[in-house]
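# An overview of the molecular structure
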Amino acid sequence: AFFGDRMQLPVPEALAAGIEHSTAILIIVSRPVDPDCVGTALALQWLLQSRGKPCRIVNFFGIPPTMASFPGIDRLLDAQPASFDFSGYDLFITVDGSSWSQFFGDSWAEVLAKIDLLNIINIDHHEPGEIMRALGNRCLNVKSSSTAQVLYEYFLEPYGSTPPPEIADCLYRALLYDTRSFKNEIYPGAYRFAEALIGFGADHAAAVDVNYAMREV
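Residues numbered from 1 in each chain as written. Predicted model: local features only at pLDDT ≥ 70, side-chain atom pairs only at ≥ 80, totals over all residues. Heavy atoms only, no water.

### Quick word on the packing of aromatic side chains
For any pair of aromatic rings, the description consists of the separation of the ring centres together with the inter-plane angle of the planes. Quick reminder of the rule: Any two rings among Phe, Tyr and Trp, with Trp reduced to its six-membered ring, count as a pair given centres within 6.5 Å; such a pair is stacked if its planes are under 30 degrees apart, edge-to-face if over 60, and tilted if neither.
Under the definition given, this model contains twelve aromatic pairs. Each residue in the set Phe 60, Phe 84, Phe 86, Tyr 89, Phe 92, Trp 100 and Phe 104 is aromatic and connected to the rest through ring pairs, giving one cluster.

Structure (structure tokens):
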């Protein structure tokens with residue numbers, strides 16, 4: 001099984017079952033397209049592919065100039081939601097957002113008409129919104145520093161999954177961005193998360209030297 005003995009695991013049962021039974025997964029990043037949604041998506045893709053799950057990442061909003069050099073950004077497929085073929089996937093994971101328009105744009109209702117809501121799960125750290133109301137227990141919504149930290153604490157750390165340095169770097173940049181380099185409110189576990197990522201090989205000097213202007217992404 002993907003998660004082993006689920007009775008011992010923090011991942012909610014509905015999410016674990018959805019991932020285990022899927023054969024083709026589409027990870028959808030939110031807008032604004034920023035280090036947290038992209039870094040989390042790349043880490044999730046690494047985890048799923050390392051466990052034999054075919055998956056892609058799609059971005060429906062283009063890449064902001066400030067994100068053009070983000071590590072792994074070329075792994076995101078740029079597309080338009082109205083013309084995208086969703087039929088080849090049996091699981092959709094929305095990352096780092098609480099409203100449908102953050103993932104599918106203003107015509108989100110037309111997009112959702114093509115997708116079975118039972119095949120969507122959501123991972124987020126923001127105030128719960130319409131996605132939580134629609135999906136219920138298929139959401140993993142945790143008040144935290146970042147969605148990257150949620151992914152680490154629920155999907156990686158409990159199972160001893162060690163991300164390679166390039167993935168640790170993505171998660172570290174996500175953490176620094178959403179905390180404004182720890183200038184924002186500090187949530188439990190944020191510093192421990194940072195220390196773990198440094199231990200996995202995240203490049204602190206390179207990450208803190210990048211300026212992702214909040215207004216631009």
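Don't stop here, the text continues.
### Regarding the nonpolar core
Stated formally: Residues enter a nonpolar core if they are buried and are Ala, Val, Leu, Ile, Met, Phe, Trp, Tyr or Cys, with the set joined through side-chain atoms within 4.5 Å. Burial classification: accessible surface area is computed with a 1.4 Å probe over protein chains only, and a residue below 20% of its type maximum counts as buried, one above 50% as exposed, and the rest as partly exposed. Contact definition: two residues touch when any of their heavy atoms are within 4.5 Å.
In this structure, Ile 27, Val 38, Ile 93, Ile 123, Phe 155 and Leu 171 are the most contacted members of the largest nonpolar core, which totals 51 residues. Residues in contact with Leu 171, not counting those within four places in the same chain, are Gly 39, Thr 40, Ala 43, Ala 148, Leu 151, Leu 156, Phe 193 and Leu 197. Of all hydrophobic cores here, the second largest spans 20 residues; its members include Leu 26, Val 58, Phe 84 and Leu 112.

### Focus on the sheet that holds strand β3 (residues 76-78)
For the record, the criterion: The rule for pairing is simple: two strands pair if DSSP sees at least two bridges between them. Strands are runs of DSSP state E lasting at least two residues, helices are runs of H or I lasting at least four, and both sets are numbered from the N terminus onward. Angles run from 0 to 180 degrees between N-to-C directions of axes, and those axes are lines fitted to C-alpha atoms, restricted for helices to the stretch in contact.
Read across the open sheet, the six strands follow the order β3-β2-β1-β4-β5-β6; overall the sheet is parallel. The outermost strands of the open sheet, each flanked by one partner alone, are β3 and β6 (139-141). Strand-to-strand twist of the sheet, defined as the mean angle between neighbouring strand axes without regard to direction, takes the value 25°. Note: strand β5 (residues 120-124) against β6, three bridges, orientation parallel.

### Structural notes on the side chain of Asp 178
Just so we agree on the cut-off: Neither His nor the chain termini are counted; the positive set is Lys and Arg, and the negative set is Asp and Glu. In the sections that follow, a salt bridge refers to a side-chain nitrogen of Lys or Arg positioned within 4 Å of a carboxyl oxygen of Asp or Glu.
Inspection of the secondary structure puts Asp 178 in helix α7 (residues 165-179). In this structure, Asp 178 is buried with no salt-bridge partner, the nearest side chain bearing the opposite charge being Arg 180 at 9.9 Å. In contact with Asp 178, other than residues within four places in its own chain, are Asp 34, Asp 36, His 125, Ser 145, Ser 146 and Asn 184.

### What about the environment of Glu 153?
Tracing the chain through its elements places Glu 153 in helix α6 (residues 147-156). Expressed as a C-alpha distance, the spacing of Glu 153 and Ala 194, which sit 41 residues apart in the sequence, is 12 Å.

### Re the environment of Leu 135
Topologically, Leu 135 is positioned in helix α5 (residues 130-135). Considering only alpha carbons, one finds Leu 135 and Gln 102, 33 residues apart in sequence, at a separation of 16 Å.

### Here we look at the pairing of strand β2 (residues 55-59)
Worth spelling out the cut-off: The crossover handedness rule: strands pointing away from the viewer, path from first strand over the helix to second strand clockwise, crossover right-handed.
Counting buried residues in β2 gives four out of five residues, a clear majority hidden from the surface. Pairing analysis gives four bridges linking strand β1 (residues 25-29) to β2, with the strands arranged parallel. The residue bridging Leu 26 from the neighbouring strand is Arg 56, located in β2. With helix α2 (residues 35-50) bridging β1 and its parallel neighbour β2, the resulting β-α-β unit is right-handed. Sheet analysis places β2 next to β3, joined by three bridges and oriented parallel. Residue pairing for β3: Asn 59 is matched across the bridge by Asp 78.

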